[in-house]
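# Structural overview for review
Residues per chain, in single letters:
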Amino acid sequence: EEVYDFSALQKKWLPIWDELQPFSTSNPDDERPRKYVLDMFPYPSGDLHMGHAEVYALGDVVARYWRQQGFNVMHPIGWDSFGLPAENAAIKRGIDPRGWTYDNIAQQKKSMRLYAASFDWEREIHTSDPEYYKWNQWLFLELYKAGLAYRKESWVNWDPVDQTVLANEQVLADGTSERSGAVVVKKRLTQWYFKITDYADRLLDDLDQLEGHWPSKVLQMQRNWIGRSIGADVEFEIEGRDERIPVFTTRPDTLWGATFMVVAPDAALASELVEGTSPEVQQRFADYLTEVGHSSEIERQATDRPKTGVFLERYAVNPVNGERLPIWAADYVLADYGHGAVMAVPAHDQRDLDFARTFDLPVRVVLDVPNTNEDGASNDPSETGVALSGDGTLINSGPLDGLRKAEAVPRAIEILEAEGRGRATKNYRLRDWLISRQRYWGTPIPIIHGEDGTEHPVPVEQLPVLLPDAAGLDLKPKGTSPLGGAADWVNVPNPVDGTPAKRDADTMDTFVDSSWYFLRFLNPNDDTKAFDPEEAQKWAPVDQYVGGVEHAILHLLYARFITKVLHDLGYLSFTEPFKALLNQGMVILDGAKMSKSKGNIVFFTEEVDKHGVDAVRLTMAFAGPPEDDIDWAEVSPVGSAKFLARAWRVANDVTSEPGVDPATGDPALRRVTHRFLADAPGLTEAFKFNVVVARLMELVNATRKTIDSGAGAGDPAVREAAETTALALNLFAPYLAEEMWEKLGFEPSVALVQWRKADESLLVAESVTAIVQVNGKVRDRLEVSPQITDAELEALAMASEAVQKAIGGGEIVKVIVRAPKLVNIAIRG
Ligand code: ANZ
């Protein structure tokens, strides 16, 4: 008997697939409807790991499934190959980041091919190839022309370990860098930005279209990140200053409760206000500003942090009641949110209350909020220290008195608008996307700076601006880009007048590369354009995107933004890049994340060597719902391999010829087969891969039972079941599926064979027993379908020999039929 030898199968089928190219999408005459299935492309940080094994197993189930359903499936792969890890590894080992990167790509590619995901390898891309990054530069220039790429000086997030700036999205909730883990500090620098804030409303509103197709958790994270607040700008006169100061508030209804004003110490406004005050105030403010520079934005927003601040000895005037409000500088107010200043309403805002209690400032309640303290204790915020943030009725508020909060908010805005002192506005948490990095291994920014400070975009015909060789450059992080050290490269003539000029030495955030890569896959070798709008029209947007939830904000938000920009520039007809998103969980070990430092890593190559590709892939699919984490200590690749061996033996036992009519086969087995054929597609589309595998195991067991029973391996139902098993295994265990298919007498590739339609008549449950009585006496029992109609059952009963005998020559006076259980015949004579 033949044994199941996974490594022999792997050796055998890889070259055959190379020859057949079953996953090619290059035939322009292909008339099948299209699907675009995209797995997030890997970063080449070493060999593949178990996380890759999971995502590419699951993404491939989807791609193979749609092919079986008659679709022409675009399923490309490439490498996200620019970025800091290459550079840091290169510095550590004194090697070239390019060499390190491409060696890793070669290694990963070898593993990926062995892993047999159904990729169209003709479309492979690497973002670090000049053929790719040229188009990042094109994209930059498109945004620049549209006024969506600009340079400005501002406070930025600075990673003191990697010595580079970070986008807001790259700073974790605890204030550390997502890359280096260093505590991120603020630094004032001139940097390049993409104006993603122009798209804030659309990025938020269009999330509604994705409802039900993206995980709701991801939608919520995007909503929170964009953070739209509806409120009002209110303008305050400042004593001794001509211009008014606007503040943003979500609670214009509380305007009569404002008792002081707070400005962010690092906002330009604070320094302006401090000018002309006493030397003591100026000194105190300067000291405070230095202190503030050491804390991160996250720390500053922490609610449990003791409040600090400096009184600026200046006053604002409340526009609605003329009250004098002392102005303070305090770091709980952020410089780049709203207008960097707030009207403080301590009775109804907790941060303001904490501040007022620290510095002994007045607290005035303007909303009568029902007291819910059970013991009847006072709910006065100046006593309890708890701000009244709930709903209530306005008091101490002139024209607003007696209104509810919901009525008072629009009324306050009306009053302000009538006086020319304010207006309704929106604010966003979202900041513009900082895209310049002071590091080597990335896309050079295609701008030339004149000596006079002018900016000149590199003409498109001159792209790509090639990254200079790393040899001879000092790549060590030092706060300015290593490219600045490449004298030959950086010094160029001013394109306008030939005077000395310099290239911009920063490189782009690698999230620029991945913001549009799904389009490059559609015409990866076209050196005349970034992507082909016609191909995009045919294939995009992506029907199913598969990848990790760690990209819930950054990558997905940037890709959505760039898609909208390209739409607005007339290149794309759609505005969302990814119609549906599947986030797989993590592969963990003994309940813990795998990491080098913990030494609890399960290695991809070891698992594949030990159990075979098919068993590892099947294990990933069988482990549970794809969104859940897979604890590798709790799954059984050995069990998967055993199941595969069992399936293989079934195919091996089949003795009937291909094409034999299954109708004469074992009906019980046929019912199991056709139930499976009927249910597997819906289950797959609902991502219940584990249930499909469980059902497949049931089918293989049922097949074995029939083989071992009297019917034997020659029963045509056994062949039908084995063929179905091979078709289903194509989704999970492509090597074995192909081998079974061949063993069953067919040509490869099973991956191109269509899923079969279930025979409806076999989908009924097993039969039920109907009783036939003649004058109350049971005369026969019939095995019938539970779906049988009264008429059919009556006909069957009348056809029964036993019943006919019992009726004899009698006259039938009445027949009562209760399908599917009972027929009662009354006779006379
Ligand atoms: C007065 C007020 C009264 C406020 C009240 C709240 C409650 P979100 O929802 O996050 O948009 N604020 C405005 N600009 C700020 C800044 N640069 N730094 C820190 N806080 C700032 O929050 C908007 C509220 O946060 C605004 O409404 C303002 O305080 C404060 F009972 O104004 B509010």
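Residues numbered from 1 in each chain as written. Predicted model: local features only at pLDDT ≥ 70, side-chain atom pairs only at ≥ 80, totals over all residues. Heavy atoms only, no water.

- Going by an unreviewed UniProt entry, the protein carries the name Leucine--tRNA ligase and comes from Microterricola viridarii.
- Under the UniProt heading Catalytic activity (unreviewed entry), the note attached to the protein is "tRNA(Leu) + L-leucine + ATP = L-leucyl-tRNA(Leu) + AMP + diphosphate".
- Regarding the protein, the UniProt comment filed under Subcellular location (unreviewed entry) reads as follows: "Cytoplasm". (UniProt positions renumbered as here; feature names shortened; annotations may be inferred.)

## Some words on the overall build of the protein
- Check the secondary structure of the protein and you find 28 helices and 32 strands.
- Along the first, second and third principal axes, the C-alpha atoms of the protein reach 120 × 75 × 50 Å.
- Per-residue burial over the protein gives 55% buried out of 829 residues.
- Sequence-distant contacts in the protein: of pairs separated by 6 or more residues, those separated by 24 or more amount to 73%.
- For the protein, the accessible surface area stands at approximately 35100 Å², while carbon and sulfur atoms represent 50% of it.
- Taken as two groups, the 86 positive and 126 negative side-chain charges of the protein have centres that lie 4 Å from each other. (Helix = DSSP H or I, 4+ residues; strand = E, 2+ residues; numbered from the N terminus. Buried < 20%, exposed > 50% of the residue type's maximum accessible area, 1.4 Å probe, protein only. Contact = heavy atoms within 4.5 Å. Areas by Shrake-Rupley, 256 points an atom, 1.4 Å probe, with all protein chains shown as cover. Lys, Arg positive; Asp, Glu negative; His and termini not counted. Charge placed at Lys NZ, Arg CZ, Asp CG, Glu CD.)

## Here's the deal with the sheet that holds strand β32 (residues 822–828)
- The sheet built from 4 strands is open, its strands ordered β30-β29-β32-β31 with mixed pairing. Looking at the sheet topology across the chains shown, the edges are occupied by β30 (777–784) and β31 (811–818). Within this sheet the neighbouring strands show an average axis-to-axis angle of 15°, counted without direction.
- In terms of strand pairing, strand β29 (residues 768–774) meets β32 through 4 bridges, oriented parallel. Looking at β32, one finds that I771 is bridged to L822.
- The sheet strands contacting helix α27 (residues 790–799) are β29, β30, β31 and β32, and the helix crosses β31 at an angle near 135°. (Pairing = 2+ DSSP bridges. Axes fitted to C-alpha atoms, helices over the stretch in contact; angles between N-to-C directions.)

## Quick look at the environment of R756
- Inspection of the secondary structure assignment puts R756 in the loop between α26 (734–743) and β29.
- With a relative accessible area of 28%, R756 lands in the partly exposed category.
- With 68 residues separating them along the chain, R756 and N824 place their C-alpha atoms 42 Å apart.
- Excluding residues within four positions of it along the chain, R756 makes contact with L677, E723, L727 and W741.

## Looking at the UniProt feature "binding site: ATP" (unreviewed entry) in the protein
- Mapped onto the present numbering, the UniProt feature "binding site: ATP" (unreviewed entry) falls at K596.
- Within the fold, K596 resides in the loop between β27 (592–593) and α20 (604–611).

## Quick notes on helix α22 (residues 637–653)
- Counted at 1.5 Å a residue, the expected span for α22 with its 17 residues is 24 Å, and the 24 Å between its end C-alpha atoms agrees.
- Regarding α22, the residues found buried are P637, S640, A641, F643, L644, A645, A647, W648, V650, A651 and N652.
- Along its buried surface, α22 packs onto α20, α21 (613–622), α24 (689–708), α25 (716–732) and α26. (Expected span 1.5 Å × (residues − 1).)

## Overview of the confidence of the model for the protein
- On average, residues of the protein carry a pLDDT of 94, and 100% of them reach 70 or more.
- Listed scores for the predicted complex are pTM 0.86 and ipTM 0.96. (pLDDT = per-residue confidence, 0-100.)

## Topic: unusual backbone geometry
- Of the consecutive residues L463 and P464, the connecting peptide bond is found in the cis state with omega at 0°.
- The omega torsion across P748 and S749 is 10°, close enough to zero to call that bond cis.
- On the secondary structure map, S749 appears in the loop between α26 and β29.
- For A116, which is not glycine, the phi dihedral falls at a positive 65°.
- Note that A116 resides in the loop between α4 (97–115) and β4 (125–126).
- We classify A116 as buried; its relative accessible area is 4%.
- Positioned with a positive phi, D590 is a non-glycine residue whose angle comes to about 50°.
- Structurally, D590 is set in the loop between β26 (587–589) and β27.
- Classification of D590 by relative accessible area gives exposed; the value is 62%.

## Thoughts on the site of the ligand
- Surrounding the ligand, one finds 17 residues, the nearest of these being S229, T249, L334, Y337 and H348.
- Within the side chain of T249, an N or O atom sits 2.7 Å from an oxygen atom of the ligand.
- Measuring from an oxygen atom of the ligand, one finds a backbone N or O atom of T250 at 3.0 Å.
- Surface burial for the ligand is 84%, taken as the share of its 640 Å² of free accessible area covered by protein chains.
- Only β9 (245–249) and β13 (341–344) provide two or more residues apiece to the shell around the ligand.
- Tallied by class, the residues present in the shell around the ligand amount to 8 nonpolar, 6 polar and 3 charged. (Near = heavy atom within 4 Å. Polar contact = N/O pair within 3.5 Å; in protein donor to acceptor, adjacent residues only side chain to side chain. Nonpolar A, V, L, I, M, F, W, Y, C, P; charged D, E, K, R; others polar.)

## Regarding α26
- The element α26 is largely enclosed, with a buried count of 8 among its 10 residues.
- Within α26, the full set of buried residues consists of P734, Y735, L736, A737, E738, E739, M740 and W741.
- Packing partners of the buried residues in α26 comprise α1 (6–20), α2 (50–68), α4, α21, α22 and α25.
- At the C-terminal side of α26, G745 shows a positive phi close to 100°.

## Looking at the packing of aromatic side chains
- The full count for this structure, using the stated rule, is 41 aromatic pairs.
- Judged by centre distance (3.6 Å) and plane angle (5°), the ring pair of W433 and Y558 falls under stacked. Placement of W433 in strand β17 (residues 433–434) and of Y558 in helix α19 (residues 554–568) is noted, with a sequence separation of 125 residues between them. Note on accessibility: W433 and Y558 belong to one class, buried.
- The interplanar angle of 70° and the centroid separation of 6.0 Å between the aromatic rings of F531 and Y571 together place this pair among those described as edge-to-face. Pair noted here: F531 is in the loop between α17 (517–520) and α18 (533–539) and Y571 is in the loop between α19 and β25 (581–584), with a separation of 40 residues, a long-range link.
- Of the residues examined, F531 reaches a relative accessible area of 4% and is grouped as buried.
- A network of ring pairs unites the aromatic residues F140, Y144, W192, F194, Y199, W433, F511, Y558 and F561 as a single cluster. (Phe/Tyr/Trp six-rings, centres within 6.5 Å; stacked < 30°, edge-to-face > 60°.)

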